[in-house]
Every structure is written in C-alpha cells, then in structure tokens.
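Remarks on the overall topology
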Amino acid sequence: MAKKTDNTVSMVDTFKEFKETKNIDRTTLMSVLEDSFRSVIARIYGSDENFKVIVNPDKGDFEIYRNRVVVADGMVEDENKEIELSEAQKIEPDYEVGEDVSEPIDFNRFGRRAILTLRQTLASKILDLEHESQYNKFKDRVGEIVSAEVYQTWKREVLLIDDENNELLLPKTEQISRDNYRKGDSVRAVIYKVTNDNNNPKVYVSRTHPDFLRRLLENEVPEIAEGLITIHNIARLPGERAKIAVESYDDRIDPVGACVGVKGARIHGIVRELCNENLDVINYTTNTKLFIQRALAPAQISSISLNEETKKAEVYLRPEEVSLAIGRNGANIKLASMLTGYTIDVFRDIPEGEEEEDIYLDEFNDEIDQWIIDAIKSIGFDTAKQVINAPREMLINKADLEEETVDHILEILRAEFE
C-alpha cells in the first residue's frame, strides 16, 4: 500500500469532504479519483495502460501497481512495459523470461510537482463533476417554486442562496417593479431557465413569469393541485394586474369561487406575494365571444365581431363602458388580448338617432391624475366636451397647467369621442 504523505492525505480528505457535501455516489467517486491518478501517471510514464490503480475513498487509501513483462538482460526496449530478468529476480528470485511482474509504485516518490499536478487535476475534475451535478439537479425543476435568501444585489440581477447553498440568479427583468431587496431577505420565485454553457451551470428564477402565479395558485387552491380545476391561461402585467382563466370538471365546484376563497382568503396571500397585483379570475369557455366578454369585465359589451383567421375581435360598447374596457393605461384590454389570444379593438355603440352623451371628467381618473381634473373643474368645466370646446389658452392660463399637460388631456378626451 502506498505510503501517504501529508499532501496526499489532505488531497484525499478534500475529496471525501466533497463526497459528503455533494452526495456523489461511490462509483463516480472512485472513477474520478482513479482517472486523476491515471492522468498524472500518463504524463510521467507516457502511458497508463499497464498500471492498476486501486482507491478506497472512504478510508483515503490507494494503491498503484505497474505491470511489466520480464525480458532477458539487455533486451529492454520500453522500460515502462519491460523489465530485465536480473531486476525482476530482485523482486522475486523465481521470476523467468516472459512472465508478468506486478510491483507497487510509491506515488509520492515522484515529488511535489507530481503531487501538485494530481491535486490540480483532481480539483478540476471535482469542479466539472460539481457543475454537472448542479445542472442535472435543476434541469428537471423548471417551473418549480423555490425559496432562497438574498446574498448579493447587483444592478442587473440578484444573487440568491437556497437552503442547500445553491446559487440562483434573479435578473432585474424577472423582478416585480416594486420589489426591493436587501441582503438576508427571503425571496420566493419560480425556476424558469437552467443553462450549462461551457460547463458553467446557471439557474435563473423569476417572479414575473406566469408560471410563478400558476404555482402560487396550485399551492393555495387544493382543487387545482388535485386536478379538479384547470388553469387554462394566465396573462400578467407583473405587479399591476393579472387575469386567470379557470375551468372546473366538477359541476359542483365553482372554479372562480374556489380560487378566490371565502372573503378572498385564498387569493389575498397571493396578492401580497405579488406586491398587491390585482388578480381577476374568470371562467374559461370555448365560446370565443363569451370568453372575450368575460375577459373584458367589468365592462358590459353590446356586441362582438370576430375574424377567426386574423385573430381579431371588434368589440362594441356603450360610450360609458369604453373606459372600463380599456382600463387604466390600457391594462384591461391588453390583458384580455393576452388571455384570449385575440387582438381586440374597441368601438362605441351609439344607437341611431341618439346623440352621443357627454362624459364627466371624473370618469377619466384612470387616465388623468385627479389633481389635474380638479384644477380644470375649478375653472367651471365638469365634462369632457366642455374641455374639448374650450380655448386651449384658457386651460393653460386659468387652470395653471403646462402646455404639454393640456395637449395630453385634450388627446385623451378627443379619443373618447372618435
């Protein structure tokens, strides 16, 4: 058995520690250690094919044997594979020409350079094995929610560490706009991508991906986890609003009610996790017109015209319903389009012979700041048409508003009557 120097003991102990922390199986462990020895042996002797390496990583023991063929004195052509008879008989007196000689090799006699090379080779193989292990561990976990702690924050991403000391990356683009992280904060996110470029595995997580909301719903709503309710689609504007289409395969279960819970008990926790993102849960249906109508709620639709080929929908509503259908900053109609897969165009439905009604300014508070509306009302204008018909300079001077602000207001109000 090879005598172990402090360097070799340290090397094997390091490998044993790696095995314990990374849960490497015994077969792989022995194979990597043997390959490391063989790599160095090949450098020293030019080949490792006539060497036998036996390792016991649990005890830190290893043995190396070199096999050579006995030849007559003076007939050695390759000292690594052949041994003179007189030299062989120093090992065992009864050796004869043609027999195989197996002799132990003290690896440490090759000096510090060889031991250093072995440790470097082993470290490299361990690193490769660690990377492969991490990639294999996470590649099949895409779509799974993980909890981790903030370790470091950068401009473009946040580094998270989970309970098993694995590194996870949360890019800025996958963070909710109101997320604000400090070292030590606990974060929940969904694994959405695992890469292994140049054997350098990276695990990316997201809080904006629809699957994050999907998994949160599965955790909070037992009927979804049990398959009694199906989530057909999710549309999100992360941190602002989301629409979820659900369907129940059991007539006794109200899918919307089950997802929301009594007094919103089930949905409230999810809303808090998503930085108060408003969640609209609607009943899915294969009736496209009805599905679009539900997706545009709370607006009440008069009629819908569909083009199946172009996936476009023309939706007609009473004038007072238009702003509800569009929503604040266009969020409602955008999410409805994402959820249904149709491009939705909104039109006012005014019965023939009926003059289009005026609209109170307060109904535009989802598009115009309330303080601006109050400033305009303070000079005597309460409705949209009054503002449109008023002189532009009057709005600028008497309401004390910037020119750009007035132009923006007029654009919004005129669009309402076009």
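So, here's what we can say about the structure. (Residues numbered from 1 in each chain as written. Predicted model: local features only at pLDDT ≥ 70, side-chain atom pairs only at ≥ 80, totals over all residues. Heavy atoms only, no water.)

Of note, Glu 149 is situated in strand 5 (residues 145-153). For Glu 149, a relative accessible area of 45% corresponds to the partly exposed category. Placed 25 residues apart in sequence, Glu 149 and Glu 174 show a C-alpha to C-alpha distance of 16 Å. Setting aside its immediate chain neighbours within four residues, Glu 149 contacts Leu 159, Leu 160, Ile 161, Gly 184 and Asp 185. (Helix = DSSP H or I, 4+ residues; strand = E, 2+ residues; numbered from the N terminus. Buried < 20%, exposed > 50% of the residue type's maximum accessible area, 1.4 Å probe, protein only. Contact = heavy atoms within 4.5 Å.)

Next up on the list: the side chain of Arg 66. Inspection of the secondary structure puts Arg 66 in strand 2 (residues 61-71). In this structure Arg 66 touches Tyr 45, Asn 50, Phe 51, Glu 79, Asn 80, Val 101, Ser 102, Glu 103 and Ile 105, once residues within four positions along its chain are discounted.

One open sheet accounts for three strands, arranged 10-11-12; its pairing is mixed. Edge positions in the sheet fall to strand 10 (229-237) and strand 12 (278-283), since each of these pairs with one other strand and no more. Shown here is a sheet whose adjacent strand axes are inclined to one another by a mean of 20 degrees, direction ignored. As defined by bridge partners, strand 10 adjoins strand 11 (residues 241-248) across eight bridges and the pair is classed as antiparallel. Pairing of Leu 237 across the sheet is with Arg 241, part of strand 11. Docked against the sheet, helix 5 (residues 210-220) engages strand 10, strand 11 and strand 12, running at close to 140 degrees with respect to strand 10. (Pairing = 2+ DSSP bridges. Axes fitted to C-alpha atoms, helices over the stretch in contact; angles between N-to-C directions.)

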